[in-house]
Structures are given as C-alpha cells and as structure tokens.
Amino acid sequence: MKTAAAELAILGGPPSFAEPLHVGRPNVGDREAVLRAIGEAMDERWLSNNGAKLLEFERRLSEQLGGLHCVATCNATLGLQIVLRALGVEGEVVLPALTFVATAHAVAWERLTPVFADVDPGTLCMGPTEAAARIGPETGALLGVHLWGRSADPQGLERLADERGLPLVFDAAHALGCTREGRPLAGFGDAGVLSFHATKVANSFEGGAVVTADAELAERVATMRNFGFVDEDEIVGLGTNAKMSEAAAAMGLASLDSLDEFLAVSRRNYRAYAEAFDGVAGIRLLPLEPEQANCHHVTIAVDPELAGLDRDALRRVLVAENVLARRYFYPGCHRVPPYRDRPVPALPATDAALESCLSLPTGTAVGSEEIAQIGEIVRLAVSFPAEVRRHLGV
Ligand code: T4K
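A short tour of the structure in this document, coming up. (Residues numbered from 1 in each chain as written. Predicted model: local features only at pLDDT ≥ 70, side-chain atom pairs only at ≥ 80, totals over all residues. Heavy atoms only, no water.)

### Some words on the overall build of the chain
Along the chain, the regular secondary structure elements total 14 helices and 16 strands. Over its C-alpha atoms the chain spans a radius of gyration of 22 Å, differing by no more than 12% from the 21 Å that the globule rule assigns to 394 residues. For the chain, the share of sequence-separated contacts (at least 6 apart) that also reach a separation of at least 24 residues comes to 70%. Roughly 16800 Å² of accessible area belongs to the chain as shown, and the carbon and sulfur atoms make up 50% of that amount. (Helix = DSSP H or I, 4+ residues; strand = E, 2+ residues; numbered from the N terminus. Rg over C-alpha atoms; globule rule 2.2 N^0.38 Å. Contact = heavy atoms within 4.5 Å. Areas by Shrake-Rupley, 256 points an atom, 1.4 Å probe, with all protein chains shown as cover.)

Structural data, given as structure tokens:
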C-alpha cells in the first residue's frame, strides 16, 4: 500500500500492480461445466439454431426474470435492432446521448434517426422530463438506457410513452440483476434488451437477450432472429441472423449458475470502494442501492475544484499504477460520427458527466485489497495535486 506521494508511479515510484486491472475483466463461472456443455453440443453435433443449450438458457433466464419471455441473440446490438423493427418503429427515436455508442448505432443501422436527449443529473439516465423535451411530430419511439445498471425512472417513461402513444424500449445491457420495486429492470416498457458480452456481469462470450411480457412480440423477435423462418421452408417476413450459438449458451448457462456469486462480489466491491473513497476530497462514488443494483459498474465523479485534479489527470495517475480506469462513455454519442454534425440542443447534465466520470475495475478479478490500494492512490493524488499536475504538465 502506498503511503507517500513520492511513491506514486506518476512521480517515479513502481506501479502498484504488476498486471493491469481492467474495468471489463470477464466473470468466469464453472469452467468445467462450460467445457462439458460445449463437449455435449459437439457430441450431439448440434451447434446452433434452437439447440438444447439455447432453449435451456432462455428458460433459465426467464426464470431469473420472473417469467418474462426471453429471446436470446448473438449480442445486444442486434437485439435492439430487431426489437425496434419488430415494433414497426419509424422516424425518430429519442434516446440519451450518454450511453455506449451501440445504442445509437442500433437505431441508425435501422435507418431510424437518433434524437439525443439529456439525462437526469441525479440518475444519469434519460427520464421522462428529458425525453419529453425531445419528442416531436416525427418521434416513433423512446429508447431509455439503464446506464451502469442505474434506474432510468422506468415507470415515468412508461407513463410518458402511454400518453404519447409511443413504443418504449429499454437498453438494459447493463441491467441484469437490477430491480425496481421488486421487478427486474429489463422488464419495463414494451421490451428490454440485455447484453451478455464478456464485460457484463454475466456473459456468454458474446450475447444478448430481448426480454418482454408480450408473448406475440417475443415470437416476432424470435422469428426475425432466424431469417424470418417459422418452419422448415416457411418464411413469414424479413429476418436476419442474430442467433446465439450453443457454445455461447453453454457459457451463458454457467454464468447464470454463478450469477448470485457474481452479484455478491460486485456488491461487496462497491461497498469496499465506498469505504476507500470515504472523505476523499472531490471524489464522489455514484450512489447505488446495492439491494436493487447489480453494482457491476463502479463509477466515480471527479470534482476538479475540490480534488485539485480533473478526471483525466486522475485517470493518468491510475493508469500509471496499472489501474486501467475508463472514461465511459466519452466523448458522448452526440460528439462522434455519424452523429456529431447534426444539431443537438445543450445537454448540460450529459456533458458534465462525460467530463467528470471515471469507471473503475470491479468484478471477480478484483478484491478488497486491490480496492483499498486504489483508494489510497486516489487519496494520495488528491492530497498532493500540485505535484501531480506539475509532473503531468497540466
Ligand atoms: N448498450 C450499452 C449501454 C452497452 O454498454 C453495450 C455494450 C451495448 C448496448 C451493446 O451490447 P453488445 O452488442 O456488445 O452485447 C465494451 C464491450 O465491447 C461492449 O459490449 C460494452 N457495452 C462496453 C461497455 O464495453 P469497449 O470498447 O469498452 O471494449 P474493450 O475491448 O475496450 O474492453 C473493455 C475492457 O474490458 C478493457 O479494459 C479490456 C477488458 N476485457 C475485455 C474483453 C472483451 C477483458 O479483460 N477481457 C475481455 O474478454 O466495449
């Protein structure tokens, strides 16, 4: 544990960690179970297309989500695209600019127009006020995002969508294991889309799932996921290939088996970070309710006035220690091509978050000891900001 500023790697000390600590280090469950299940699929020579593992994965996920219909896909991006198409959305889609670019790309790839809204400064998610401000005559749907597993006032957005007669979809890529008033976050709106990418709390290497209470919508999504086939030689309409393979489903099943353990680790890590940053000037751990949130994303907001360092300087301090903190989701969807040349109103809460937020390593690859060390690094850096800034030339 570093105890003096001179020991900081940025000031010439050795890095705290020999190996990099990544933000998105995958949680890996029972390796033998995964390999056994992949072996079974190979023995049965059934590797994709509604195989036994896929069906079991969807059944188990549905069980996890209180009986909602679950259609597994090869990733969440295609899940979002398919659900927008299955709902017949046309024109503009209102979504927050503060999200991973996949949310906007899924909209644009469907030849719909993303219309960026600001976020609520408290939740950092688009709520009904921000969404309503961007609804216009061409609006075809609302697309909320449960950013970092935080809750985007889903009931408020549902009320708004009902009032305006608009479909409501949630990008729930970060939200497996998150609930609101006992209901799974992914289950709000017409549909929610989970990600099972390697970096998520539970992964299937790559994967996603469309979650909905609407059996008919689930059926349409399942058909579109498989080229529009409903039977061996019967195609009912446009479809694509968004199927999840048996190998991915095998990994997904093992991840679901370990989900409770993964959630317990994330929640324990979150509490350890809260302790580590307690009383550190200018560092605010974004609040989460560990009973309702999966705590898989640990994000701090840096106040440069109080910390004496801005977010980017602090990130350089951490990276020098081999803590590969990430500026998720800088610079914001509204500032990257192909969106940046379109007129966007001021998005003050979005821009403030994009300038101040920093995501830190968590998950099963990180323990309380490492988190305490990260806390001390940050504490030292903000205790001697002038020296750090001098070294960084900022
Ligand atoms: N909506 C939202 C809000 C999302 O965040 C995402 C995905 C989506 C939709 C779309 O879901 P999918 O279509 O992917 O299912 C990563 C992921 O690739 C992406 O899935 C994820 N969000 C996003 C938040 O993170 P990058 O560009 O940050 O990936 P990369 O390669 O820089 O890796 C992130 C960190 O994880 C690095 O520190 C390295 C580490 N890592 C990564 C992988 C893949 C590992 O240690 N091992 C690994 O296997 O996007």
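### Regarding empty space enclosed by the protein
On inspection of all chains with the given rule, the structure shows 2 cavities of 30 Å³ or more. Here the largest cavity defines a volume of roughly 50 Å³. Every residue lining the largest cavity is listed: Ala-173, His-174, Ala-175, Leu-176, Ser-195, Lys-200, Val-201, Ala-202, Asn-294, His-296 and His-297. Looking at the lining of the largest cavity residue by residue, the class counts come to 5 nonpolar, 5 polar and 1 charged. Size it by volume and the second largest cavity reaches roughly 40 Å³. In this structure, the second largest cavity is lined by Trp-148, Arg-150, Tyr-270, Leu-286, Leu-288, His-297, Val-298 and Thr-299. Looking at the lining of the second largest cavity residue by residue, the class counts come to 5 nonpolar, 2 polar and 1 charged. (1 Å grid on protein atoms, 1.4 Å probe; cavity = no way out; pocket = protein on both sides within 12 Å on 5 of 7 lines; lining within 4 Å. Points joined across faces, edges and corners; volume = space filled by probe spheres on them. Nonpolar A, V, L, I, M, F, W, Y, C, P; charged D, E, K, R; others polar.)

### Looking at the layout of surface pockets
Put simply, the largest pocket is a space of about 570 Å³. Lining the largest pocket are 31 residues, and of these Phe-100, Ala-102, His-174, Lys-200 and Phe-329 sit closest to its centre. Those elements giving two or more residues to the lining of the largest pocket turn out to be helix 3 (76–86) and helix 4 (101–109). Residues of the lining of the largest pocket, tallied by class, amount to 15 nonpolar, 12 polar and 4 charged. In this structure, the second largest pocket spans a volume of roughly 310 Å³. Every residue lining the second largest pocket is counted, 19 residues in all, and those nearest its centre are Asn-50, Glu-219, Ala-222, Thr-223 and Arg-225.

### Regarding the sheet that holds strand 4 (residues 113–117)
Pairing between the strands of a sheet comes from backbone hydrogen bonds, and it takes one of two forms, parallel or antiparallel. Overall, mixed pairing links the 7 strands, which are arranged 2-10-9-6-5-3-4 in an open sheet. Looking at the sheet topology across the chains shown, the edges are occupied by strand 2 (69–73) and strand 4. Neighbour-to-neighbour, the strand axes of the sheet open up by a mean angle of 25°, direction not taken into account. Inspection of the sheet shows strand 3 (residues 92–96) paired to strand 4 by 5 bridges, in the parallel sense. Bridge pairing in strand 4 links Pro-96 to Ala-117. Its contacts with the sheet place helix 4 against strand 3, strand 4, strand 5 (139–145) and strand 6 (168–171), and it is angled at close to 145° to strand 4. (Pairing = 2+ DSSP bridges. Axes fitted to C-alpha atoms, helices over the stretch in contact; angles between N-to-C directions.)

By themselves, these are just geometric observations and shouldn't be taken as functional.
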